[in-house]
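Structural description and commentary
As a plain string of letters, each chain reads:
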Amino acid sequence: MIKKGPIFKSKWLFIKALIILGIAVLMLSTQVPFFEADPDRYISGSRGANTDEGLNSCQIRNFIHHGDITMSKSDNLVKTPLFSALLFVPFKVFGTSLLIGRLSLLLVSISICLVLFFKNDYWLRYGVLFFVIVYGEYYIFHFFHFCLAEILSSTLIFAALYVLVESRHNSAEIRSSFLSALCISLAYFLKIQFLYAIVILPLSMVIYLIFDKSNRKKWRKQLSFTILFTFLFLMLYYYSWYVPNKELFEYVMLDQTSNRFANFSHLWSHVSYKLNFVFYNDYLKLFTLIFYASFIVGVLFCFRKPSGLFTYFFISISCWIIIEMHKLTMIYLPTRYLISLFFPMGLLISAVLLESLMIKENTKIKKGLQLIPVLVLILLLSINANHYYVSLENRAFSIKEMNEYLELFDFGQSPVMGAWAPSLTWNCNAMSYPIWNDYFNDESILEKDKPAIIIQEIDEADSNQAFISEGINIDAFADSIKYYNVHNWKLKIMWMHSLDHKPFK
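Read on for an overview of the structure. None of these values were measured; they are calculated from a predicted model.

Conventions adopted
- Residues numbered from 1 in each chain as written.
- Predicted model: local features only at pLDDT ≥ 70, side-chain atom pairs only at ≥ 80, totals over all residues.
- Heavy atoms only, no water.
- Helix = DSSP H or I, 4+ residues; strand = E, 2+ residues; numbered from the N terminus.
- Rg over C-alpha atoms; globule rule 2.2 N^0.38 Å.
- Buried < 20%, exposed > 50% of the residue type's maximum accessible area, 1.4 Å probe, protein only.
- Contact = heavy atoms within 4.5 Å.
- Areas by Shrake-Rupley, 256 points an atom, 1.4 Å probe, with all protein chains shown as cover.
- Lys, Arg positive; Asp, Glu negative; His and termini not counted.
- Charge placed at Lys NZ, Arg CZ, Asp CG, Glu CD.
- Salt bridge = Lys/Arg side-chain N within 4 Å of Asp/Glu carboxyl O.
- Expected span 1.5 Å × (residues − 1).
- Core = buried A, V, L, I, M, F, W, Y, C linked by side-chain atoms within 4.5 Å.
- Pairing = 2+ DSSP bridges.
- Patch = residues over 30% accessible without salt bridge, like charges linked within 9 Å, V, L, I, M, F, W, Y side chains within 5 Å.
- Phe/Tyr/Trp six-rings, centres within 6.5 Å; stacked < 30°, edge-to-face > 60°.
- Lys NZ or Arg CZ within 6 Å of the ring centre and 35° of its normal.
- Axes fitted to C-alpha atoms, helices over the stretch in contact; angles between N-to-C directions.
- Left-handed = near helix turned anticlockwise from the far one by under 90°.
- Nonpolar A, V, L, I, M, F, W, Y, C, P; charged D, E, K, R; others polar.

**Quick notes on the overall build of the chain**
Scanning the chain for helices and strands turns up 20 helices and 5 strands. Computed over the C-alpha atoms, the radius of gyration of the chain is 25 Å, within 12% of the 23 Å expected from 2.2 N^0.38 for a compact globule of 505 residues. With respect to the principal axes defined by its C-alpha atoms, the chain has extents near 80 × 50 × 45 Å. Expressed as a percentage of the 505 residues in the chain, the buried residues total 55%. The long-range share in the chain, meaning contacts at least 24 apart out of those at least 6 apart in sequence, stands at 74%. Counting every atom, the chain has about 22,900 Å² of accessible surface; 65% of that belongs to carbon and sulfur. Treating the 44 positive side-chain charges of the chain as one cloud and the 38 negative ones as another, the clouds have centres 18 Å apart.

**Brief notes about the environment of A385**
Its location among the elements puts A385 in helix α18 (residues 371-393). Of the residues examined, A385 reaches a relative accessible area of 42% and is grouped as partly exposed. It is 9.3 Å that separates the C-alpha atoms of A385 and V132, two residues lying 253 residues apart in sequence.

**Notes on the pattern of salt bridges**
Tallying each qualifying case throughout the model produces 12 salt bridges. Between K79 and D75 there is a salt bridge, with the nearest N and O atoms lying 3.4 Å from each other. Looking at D75, the relative accessible area reads 4%, which means it is buried. We note a salt bridge from K221 to E173, for which the minimum N-O separation is 3.8 Å.

**Brief notes about helix α15 (residues 309-324)**
Between its first and last C-alpha, α15 extends 23 Å over 16 residues, near the 22 Å set by a 1.5 Å rise per residue. The element α15 is extensively covered by neighbouring structure, given that 15 of its 16 residues are classed as buried.

**A short note on the nonpolar core**
Counting 132 residues, the largest nonpolar core has F130, F158, F313, F342 and F343 as its most contacted members. Sorting elements by how many residues they give to this core places helix α16 (residues 335-357) first, with 14 residues. The next biggest cluster of nonpolar side chains, apart from the first, holds 21 residues, and it includes M402, I453, V486 and W489.

**Digging into the sheet that holds strand β2 (residues 432-433)**
An order of β2-β1-β3-β5-β4 is seen for the 5 strands of this open sheet, with the pairing classed as mixed. Either end of the sheet is taken by a strand with one partner, and the two such strands are β2 and β4 (478-486). The pairing of strand β1 (residues 416-417) with β2 spans 2 bridges and is parallel. Of the residues in β2, the one forming a bridge with M417 is Y433.

**Things to note about the side chain of E137**
Secondary-structure assignment places E137 in the loop between α6 (121-135) and α7 (138-144). The charged side chain of E137 is buried without a salt bridge, its nearest counter-charge being K327 at 14 Å. Setting aside residues no more than four positions away along its own chain, E137 makes contact with V132, Y283, L284, F287 and N384.

**With respect to a nonpolar patch on the surface**
Together, F14, I15, L18, I19, L21, V25 and V128 make up a nonpolar patch on the protein surface, roughly 600 Å² of accessible area in all. Looking at the nonpolar patch element by element, the count peaks at 6 residues for helix α1 (residues 6-31). Classification of I19 by relative accessible area gives partly exposed; the value is 30%.

**Describing the packing of aromatic side chains**
Counting across every chain of the model gives 61 aromatic pairs. Taking 6.0 Å as the distance between ring centres and 10° as the angle between the ring planes, the aromatic pair formed by F130 and F158 counts as stacked. Of the two residues, F130 sits in helix α6 while F158 sits in helix α8 (residues 150-166), which places them 28 residues apart along the sequence. Judged by its relative accessible area of 0%, F130 is buried. Given a relative accessible area of 0%, F158 falls into the buried group. Between Y139 and Y283, the aromatic rings sit 6.1 Å apart at their centres with planes inclined by 70°, giving edge-to-face as the arrangement. Note that Y139 is positioned in helix α7 and Y283 in the loop between α13 (267-279) and α14 (285-304), a separation of 144 residues in sequence. Chaining the aromatic ring pairs together yields one cluster made of F117, Y122, W123, Y126, F130, F158, Y162, F313, W320 and F343. Residue placement shows K73 over the ring face of Y433; its charged tip is 5.2 Å from the ring centre. Residue placement shows K218 over the ring face of W219; its charged tip is 4.9 Å from the ring centre.

**Considering the packing of α8 against α15**
The contact between α8 and α15 brings their axes to 9 Å, and the two run at 145°. Note on packing geometry: the crossing formed by α8 with α15 is right-handed. Side by side, α8 and α15 meet where S154, I157, F158, L161, L164, V165 and E166 of the first sit next to L309, Y312, F313, S316, I317 and W320 of the second. The residue inventory of the contact of α8 with α15, partitioned by class, reads 10 nonpolar, 2 polar and 1 charged.

**Looking at the pairing of strand β3 (residues 453-457)**
Summarising burial for β3: 5 of the 5 residues are buried, a large majority. Burial along β3 is two-sided: I453, I455 and E457 and I454 and Q456, pointing in opposite directions, are all buried. Of the pairings in the sheet, the one linking β1 to β3 comprises 2 bridges and is parallel in character. From the neighbouring strand, V416 faces β3, where its bridge partner is I453. Note that β3 and strand β5 (residues 489-496) share 5 bridges and pair antiparallel. Across the sheet, the residue bridging to I453 is W495, located in β5.

So yeah, pure geometry; function would need other evidence.
Structural data, given as structure tokens:
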């Protein structure tokens, strides 16, 4: 056996760095054509993919331009404190454009992944499969370049599982528990909807305790510390963010949780419908079938090699997927809610394929079986490449066009209002707020807020008919109206009497 000396290790370190750099370049370069494009037409059936990037960032942008951090004008900042804080520095330094918002989230998410893949040879190989299977999956790929918390939160949960798995043979339970609990906590600090993720680590370790009898003392100790650190981070969030904003927080959460889940009597039919509707569409059907097959093979691998890295990783990913399945009981289930389910499905497929490729038995049957993961990998690569090409051909830039139009005007202290407004005011200095009937900014808008512009869908579906329900014909109050289309949504930009608007460029 050849001994690997310092020179070999240095060369391999250099090669690893080149591979990681190559993955980084590929991830960034494939995103470039979409940086300023509208969200893909088929990425979601709801308007959220088009409006949420603006909504989730509007309050930090209002603060940068006007020093206005009013919490009660929207429900987003109270749900996404760390997300807004993360955007503050790049927005302050480089400007509050959609490009800067998207690029900031993309770079942070990619950087976390690359740091994980640099650990050792196993994770480097896994990183290559991650690029093809997880990152390349249609929905995940597009959400990677959105200025939203979903991908970054999913990446942080992945990092937490990584820390947990890598701790299996070390005695640094306190350090590992702290880091994994920190990653999970940062995920819901970014967006409170990820609070359920705190269950993933304890559940994983409970299963470790059952199957890893030789290390039960270690896992009991680590489980205790993980629960402790998770609780401390939760208390930090509670006292530093929830308590100071308790009234608004509870108002928002009441809306977010009321009537969101199917009745128990219809639960099975509802879940069956969601499973079929979500996982068997043209973009996910084959991905889902490969996931089912990978899960079965993964279970067999766990019994074949009960002490390997794969087993721990497989168990933790499976726990994540199980916890995510509660979303199938939800009535309103836009694509962004499902990204954190698609993500671990891809992680599991990647883990099983890598384990299949690493089988070392030399029998002809085993060698023949190794062709299967290669063919699956080629198939997934082909499908993802086709989806990428179709998305590239179907790009539209309506949101960019509307931003460039509104960029021509100086709005001063007059806000631009409507659910679409924050997504159409990236390039200008206007304050922007949503309008939602019976929720936010739905009373005496013209008198109290004196908006320069109100942006609405023609049928006011975006505001739940905030004006129509009050018998108000808002068009009659407008100086002029410009009409635009964003995919299937027909919008009107209404210039109101309250602003003597003149272009300044």
